[in-house]
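Summary of structural features
What follows is each chain in one-letter form.
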Amino acid sequence: MLPLIVLALAATAMTLAGFEARDAVIRRRQSEAFVEVNRISQLLLKSSGRWALERGLSNAALNGPQPADPERRADIAKARSSGDTAFAEALRLIGDARLFREWNRPQEI
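Residues numbered from 1 in each chain as written. Predicted model: local features only at pLDDT ≥ 70, side-chain atom pairs only at ≥ 80, totals over all residues. Heavy atoms only, no water.

1. Focus: the packing of aromatic side chains
Scanning all chains against the criterion turns up 1 aromatic pair. Aromatic pair W51 and F87: ring centres 5.2 Å apart, planes at 55 degrees, arrangement tilted. Of this pair, W51 sits in helix α1 (residues 2–63) while F87 sits in helix α2 (residues 70–96); the two residues are 36 residues apart in sequence, bridging distant segments of the chain. When its relative accessible area of 31% is taken as the criterion, F87 is described as partly exposed. (Phe/Tyr/Trp six-rings, centres within 6.5 Å; stacked < 30°, edge-to-face > 60°. Helix = DSSP H or I, 4+ residues; strand = E, 2+ residues; numbered from the N terminus. Buried < 20%, exposed > 50% of the residue type's maximum accessible area, 1.4 Å probe, protein only.)

What follows is the structure in structure tokens.
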């Protein structure tokens, strides 16, 4: 009788350990997905900020009494390039992200 009780307790402990291990793997995947999405969000925010700066500089140059000097045009080009680079990197990460690939996968019925 005692061996059956010990066996039942051991089986219960192993089952609970298995559930905890599964939960730990799920939490780790969720954490990795959060870090991935956070990086993409940072890049998208950076690109929109740089494009806003470019719009402001362009608007000021277009509405100014004098034509934009080369330094101002270089600042505009630099802001645009920086925004484009961040956006391209964000799109690349979205394409590579497992989270988005799984999310866009057709659902089976």
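2. Digging into α2
With 27 residues, α2 should cover 39 Å at 1.5 Å per step; its first-to-last C-alpha distance of 39 Å lies within 8% of that length. When α2 is considered as a whole, its buried residues turn out to be I76, A79, G83, A86, A90 and L93. Residues of α2 that are buried make contact with α1. (Expected span 1.5 Å × (residues − 1). Contact = heavy atoms within 4.5 Å.)

3. A word on the pattern of salt bridges
Tallied over the full model, the rule gives 5 salt bridges. Between E89 and R92 there is a salt bridge whose closest N-O contact spans 2.7 Å. Taken together, the residues span about one helical turn, with E89 and R92 both in helix α2 at a distance of 3 residues. E89 sits in the partly exposed class, given a relative accessible area of 26%. With a closest N to O distance of 2.8 Å, D96 and R92 form a salt bridge. (Salt bridge = Lys/Arg side-chain N within 4 Å of Asp/Glu carboxyl O.)

4. Observations concerning a nonpolar patch on the surface
The grouping of M1, L2, L4, I5, V6, L7 and L9 at the surface amounts to a nonpolar patch, some 800 Å² of accessible area in total. By the secondary structure assignment, L7 is in helix α1. (Patch = residues over 30% accessible without salt bridge, like charges linked within 9 Å, V, L, I, M, F, W, Y side chains within 5 Å. Areas by Shrake-Rupley, 256 points an atom, 1.4 Å probe, with all protein chains shown as cover.)

5. Overview of the packing of α1 against α2
At a minimum axis distance of 8 Å, the contact between α1 and α2 shows a crossing angle of 155 degrees. The pairing of α1 with α2 is recorded here as roughly antiparallel in orientation. In the packing of α1 onto α2, the handedness of the crossing is left-handed. In terms of residue class, the contact of α1 with α2 is made up of 15 nonpolar, 4 polar and 10 charged. (Axes fitted to C-alpha atoms, helices over the stretch in contact; angles between N-to-C directions. Parallel < 35°, antiparallel > 145°, perpendicular 65-115°, else oblique. Left-handed = near helix turned anticlockwise from the far one by under 90°. Nonpolar A, V, L, I, M, F, W, Y, C, P; charged D, E, K, R; others polar.)

6. Quick word on the nonpolar core
In terms of nonpolar packing, the biggest core is built from 6 residues, these being I40, L43, A86, A90, L93 and A97. Of all the elements in the fold, those that place two or more residues in this core are α1 and α2. The element contributing the most residues to this core is α2, with 3 residues. If sequence neighbours within four positions are ignored, A86 has contacts with L43, K46 and S47. (Core = buried A, V, L, I, M, F, W, Y, C linked by side-chain atoms within 4.5 Å.)

7. A few points about the confidence of the model for the chain
Confidence in the prediction for the chain averages 89 pLDDT; 89% of positions are at 70 or higher. Looking at the elements of the chain, mean pLDDT is at its lowest for helix α3 (residues 98–104), recorded as 63, and at its highest for α2, recorded as 93. (pLDDT = per-residue confidence, 0-100.)

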